[in-house]
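Each chain is listed here by its residues.
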Amino acid sequence: MHTTSGSPAGPPTGIGPAVSGSWGTSSVSQAPGGRRAGIGIALLSALAFGGSGVAAKPLIEAGLDPLHVTWLRVAGAALVMLPVAWRHRALPRRRPALLVGFGLLAVAGVQACYFAALSRIPVGVALLIEYLAPALVLGWVRFVQKRPVTRAAAVGVVLAVGGLACVVEVWSGLSFDVVGLALALGAACCQVGYFVLSDHGGDGDDAADPLGVIAYGLLIGAGVLTLIARPWNMHWQVLGGSAAMNGAQVPAVLLLGWIVLIATVAAYLTGVVSIRLLSPQVAGVVACLEAVIATVLAWVLLGEHLSAPQIVGGVVVLVGAFIAQSAKPKDRAAGAADPEPVAADLSAGSCAP
């Protein structure tokens, strides 16, 4: 939630059988020491991504517009990533469409929709809705790309959707703000664009380095958000004061520093490192903890409590996301002789913004 989400926005994903080659996955993942280090780094990434909403919501409640918080996050991270962008300065000439799409969807779209949703619904609910992204990617693969998927992946999607129904308590007539739910769903849709672009970005001999894509995605996203958010109209004085976190007053600039440096820059970088030390499937499974981390942090730091059915529904969503992301593709050659459908690999390093 990346994703992204925050999220997005997080490490890349591959759709299709050539998973090991997606975005430079390293063979070092075969070493036990590298695997342990990769899991540890993936957990750090999940913790960093999971804390973005908890830090952003007090700033929004203190008077900052969600779009302004999004701009501060993306613009601040873009400034930090400028050296990386300079190192990959040839990338805009090689893959301009990829970078523009990544900046619009995986950065600007995901972050704006997610933070706007936070102003209306709890952090944990917003992030869990983003876990519909694997289901939406599955629909893209099945109905747009016309590629068959495994029954296991389909079961995972059904579980995720059913669990989500419990999270939003559909039997109560959607007790949450409908606009907030729609915004969170919009973040999930933008996350689909991130998945699809990540797949294209890792294809062929001209594969784009993920660090370069992230750096330029942040720069392009910051430029777009500057035009949309119009930060010159922002209540800058809020950053000089404090924001309430479950009754405690926390310096607003400290929360902003967490969002930029930890929940964005560090989260992206550790996510990329973890997916290179692990397989995309393992990194995706660890990323499912982001929703748990975000919900627990929101409970402890913001006093947001979920009901028992919502907790059960959240667990079902995570189980469904786990199954969907862990569905491994079959070899295409074998699939031609075998009537069992080929899977869509929905593994991702992060679904949070």
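Residues numbered from 1 in each chain as written. Predicted model: local features only at pLDDT ≥ 70, side-chain atom pairs only at ≥ 80, totals over all residues. Heavy atoms only, no water.

Looking at this structure, how should I read the overall build of the protein?
Scanning the protein from N- to C-terminus turns up 16 helices and two strands. The proportion of buried residues among the 353 residues of the protein is 57%. With the model as given, the accessible surface of the protein reaches about 13700 Å², and the carbon-plus-sulfur share is 69%. (Helix = DSSP H or I, 4+ residues; strand = E, 2+ residues; numbered from the N terminus. Buried < 20%, exposed > 50% of the residue type's maximum accessible area, 1.4 Å probe, protein only. Areas by Shrake-Rupley, 256 points an atom, 1.4 Å probe, with all protein chains shown as cover.)

Help me understand the environment of Ser-242 in this model?
Tracing the backbone shows Ser-242 in strand β1 (residues 242-245). If we ignore the near neighbours within four places in the chain, the residues touching Ser-242 are Ala-62, Gln-249, Val-250, Pro-251 and Ala-252. A polar contact of 2.9 Å, which involves the side chain of Ser-242, links it to the side chain of Gln-249. (Contact = heavy atoms within 4.5 Å. Polar contact = N/O pair within 3.5 Å; in protein donor to acceptor, adjacent residues only side chain to side chain.)

Any chance you could explain the pairing of strand β2 (residues 248-251) here in plain terms?
A regular strand places its side chains on the two faces of the sheet in alternate fashion. Here four bridges tie β1 to β2, and the two strands are oriented antiparallel to one another. What sits directly across from Ala-243, in β2, is Val-250. Connecting the antiparallel pair β1 and β2 is a turn made up of two residues, with Asn-246 showing a positive phi of about 55°. (Pairing = 2+ DSSP bridges.)

What is the right way to read the environment of Pro-66 from this model?
Tracing the chain through its elements places Pro-66 in helix α3 (residues 66-80). Overall, Pro-66 belongs to the buried group, its relative accessible area being 15%. Sequence separation between Pro-66 and Tyr-114 is 48 residues; the distance between their C-alpha atoms is 8.8 Å. For Pro-66, the contacting residues outside a window of four places in its chain are Ile-60, Phe-115, Ala-116 and Ser-119.

What should I look at first to understand unusual backbone geometry in this one?
In terms of backbone geometry, most residues other than glycine have negative phi values and most peptide bonds are trans. Located in the positive-phi region is Arg-230, a residue other than glycine, with phi close to 50°. Locating Arg-230 in the fold gives a position in the loop between α11 (210-229) and β1. With relative accessibility at 46%, the residue Arg-230 sits in the partly exposed group.

Just checking my understanding: could you explain the side chain of His-88 for this structure?
Mapped onto the secondary structure, His-88 falls in the loop between α4 (82-87) and α5 (91-94). Beyond its immediate stretch of four places on either side in the chain, His-88 contacts Asp-209, Leu-211, Gly-212 and Tyr-216.

Mind showing me how you'd approach the pattern of salt bridges here?
A side chain of one charge can pair with a side chain of the opposite charge if their charged atoms are brought near each other. Tallied over the full model, the rule gives two salt bridges. Glu-304 is paired through a salt bridge with Lys-57; the nearest N and O atoms lie 2.8 Å apart. With Glu-304 in the loop between α14 (289-302) and α15 (308-326) and Lys-57 in helix α2 (residues 52-61), this residue pair connects regions lying 247 residues apart in the sequence. Take Glu-304 and Lys-57: they sit in the same class, and that class is buried. Note that Arg-120 and Asp-177 form a salt bridge whose closest N and O atoms lie 3.1 Å from each other. You can see Arg-120 sitting in the loop between α6 (96-118) and α7 (123-130) and its partner Asp-177 sitting in the loop between α9 (151-167) and α10 (178-201), a full 57 residues away along the chain. Asp-177 gets classed as partly exposed once you look at its relative accessible area, which sits at 29%. (Salt bridge = Lys/Arg side-chain N within 4 Å of Asp/Glu carboxyl O.)

Which parts of the structure should I look at to understand the side chain of Arg-73?
Looking at where Arg-73 falls in the secondary structure, it is placed in helix α3. A distance of 2.6 Å separates polar atoms of two side chains, one belonging to Arg-73 and the other to Gln-111.

Would you mind showing me how to read the nonpolar core here?
Within soluble globular proteins, side chains that are nonpolar generally end up buried alongside one another. Grouped together as the largest cluster of nonpolar side chains are 76 residues, with contacts concentrated most on Leu-64, Val-69, Tyr-114, Leu-118, Ile-121 and Leu-218. Here this core gets 12 residues from one element, more than from any other, and that element is α6. Of all hydrophobic cores here, the second largest spans nine residues; its members include Leu-138, Val-149, Ala-153 and Val-192. (Core = buried A, V, L, I, M, F, W, Y, C linked by side-chain atoms within 4.5 Å.)

Looking at this structure, I do not really get the state of the cysteines. What am I missing?
Tallied over the entire structure, the rule returns zero disulfides. Cys-190 forms no disulfide, and the closest cysteine sulfur to it belongs to Cys-113, at a distance of 4.7 Å. (Disulfide = S-S within 2.5 Å.)

Honestly, the packing of α2 against α3 in this entry has me stumped. Any pointers?
Helices that pack against each other are described as a pair by the angle of their axes relative to one another and the distance between those axes. The interhelical angle for the contact between α2 and α3, taken along N-to-C directions, is 130°, at an axis separation of 10 Å. If you check the angle between α2 and α3, you find them oblique. Handedness of the crossing formed by α2 with α3: right-handed. Note on element contacts: α3 touches α2 through Pro-66, Val-69 and Arg-73, opposite Ser-52, Ala-56, Leu-59 and Ile-60. In terms of residue class, the contact of α2 with α3 is made up of five nonpolar, one polar and one charged. (Axes fitted to C-alpha atoms, helices over the stretch in contact; angles between N-to-C directions. Parallel < 35°, antiparallel > 145°, perpendicular 65-115°, else oblique. Left-handed = near helix turned anticlockwise from the far one by under 90°. Nonpolar A, V, L, I, M, F, W, Y, C, P; charged D, E, K, R; others polar.)

Can you walk me through the packing of α2 against α14 in this structure?
One way to put it is that α2 packs onto α14 with a least axis distance of 8 Å and a crossing angle of 40°. Considered as vectors, α2 and α14 are oriented oblique to each other. Judged by residue contacts, Val-54, Lys-57 and Pro-58 of α2 engage Ala-294, Leu-297, Ala-298, Leu-301 and Leu-302 from α14. Across the contact of α2 with α14, the residue classes tally to seven nonpolar, no polar and one charged.

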